[in-house]
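Residues per chain, in single letters:
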Amino acid sequence: WLPAAWWPLYRLGLPTWTPKGSVGSVRLRCPGDPGGGKPKERAPKGVSAKGLTLADPVGLSLLCGRPDPCWDGSVVVSEGCPDFLTWAARRWRGKRYAVLGVWPGSWTDDLAARIPTGSRVAIRTHNDPAGDRMAATITKTLAGRVEIHRKCP
């Protein structure tokens with residue numbers, strides 16, 4: 001599922017989840033520039049990443065339809081593995097927000113449907129054309145159901 005020559009490059013693998021909280025695949029990350037036109041992040045060869053997301057334990061509880069009892073009603077949607085890991089590792093004053101990680105093409109209506117009505121959603125995509133497109137898609141699928149804030153990292 002990954003060309004043998006790329007094995008030493010992609011040293012980080014994070015599980016990705018379906019909108020209903022089942023394991024979907026893995027997201028691979030090269031910690032540096034892989035060079036040769038290879039992407040920094042990718043799904044395994046032949047696997048579609050559409051509709052899959054990274055999720056911390058609180059985010060996974062939302063996907064499974066059983067929100068963590070300590071969840072504070074907030075969701076952070078971040079772009080890419082590094083930003084996802086940063087948000088998943090930090091907690092502001094003990095708050096228990098959910099963190100989901102996305103990349104181009106991963107956000108779908110099914111994923112948006114797992115965000116409870118009335119939630120507060122912080123969209124933390126990059127301030128570039130791809131990040132702007134993802135933010136617009138996320139906003140469109142959640143509009144009218146949740147409180148949305150767009151912040152660029």
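Keep in mind the model is a prediction, meaning the values are calculated, not measured.

Participant: I tried to follow helix α4 (residues 129–142) on my own but got confused; where do I start?
Facilitator: Every α-helical turn comprises 3.6 residues, leaving residues that sit three or four positions apart pointing alike. Along its 14 residues, α4 runs 20 Å from first to last C-alpha, staying within 8% of the 20 Å computed at 1.5 Å per residue. Inspection of α4 places G131, M134, A135, I138 and L142 among the buried residues, and these make up the whole buried set. The buried side chains of α4 occupy one side of the element, clustering within an arc of 100° when seen end-on. Structural note: α4 exposes P129, R133 and K140 on the side pointing more than 90 degrees away from its buried face. Taken together, the buried residues of α4 touch β5 (74–79), β6 (98–102), α3 (109–112), β7 (120–124) and β8 (147–150).

Participant: When you look at the nonpolar core in this model, what are you seeing that I'm missing?
Facilitator: The nonpolar side chains of a soluble globular protein tend to be buried with one another. Counting residues in hydrophobic clusters, the biggest one holds 22 residues, and the most contacted among them are V75, W107, I115, V121 and L142. Elements represented by at least two residues in this core include exactly α1 (57–63), β5, β6, α3, β7 and α4. In terms of residue count, the dominant contributor to this core is α4 (four residues). Those residues in contact with I115, other than ones at most four positions away along the chain, are V75, L100, W107, V121, L142, R145 and V146. By size, the runner-up hydrophobic cluster in this structure holds 13 residues, among which are V76, W87, V99 and A122.

What counts and what doesn't
Residues numbered from 1 in each chain as written. Predicted model: local features only at pLDDT ≥ 70, side-chain atom pairs only at ≥ 80, totals over all residues. Heavy atoms only, no water. Helix = DSSP H or I, 4+ residues; strand = E, 2+ residues; numbered from the N terminus. Expected span 1.5 Å × (residues − 1). Buried < 20%, exposed > 50% of the residue type's maximum accessible area, 1.4 Å probe, protein only. Arc of directions from axis to C-beta. Contact = heavy atoms within 4.5 Å. Core = buried A, V, L, I, M, F, W, Y, C linked by side-chain atoms within 4.5 Å.

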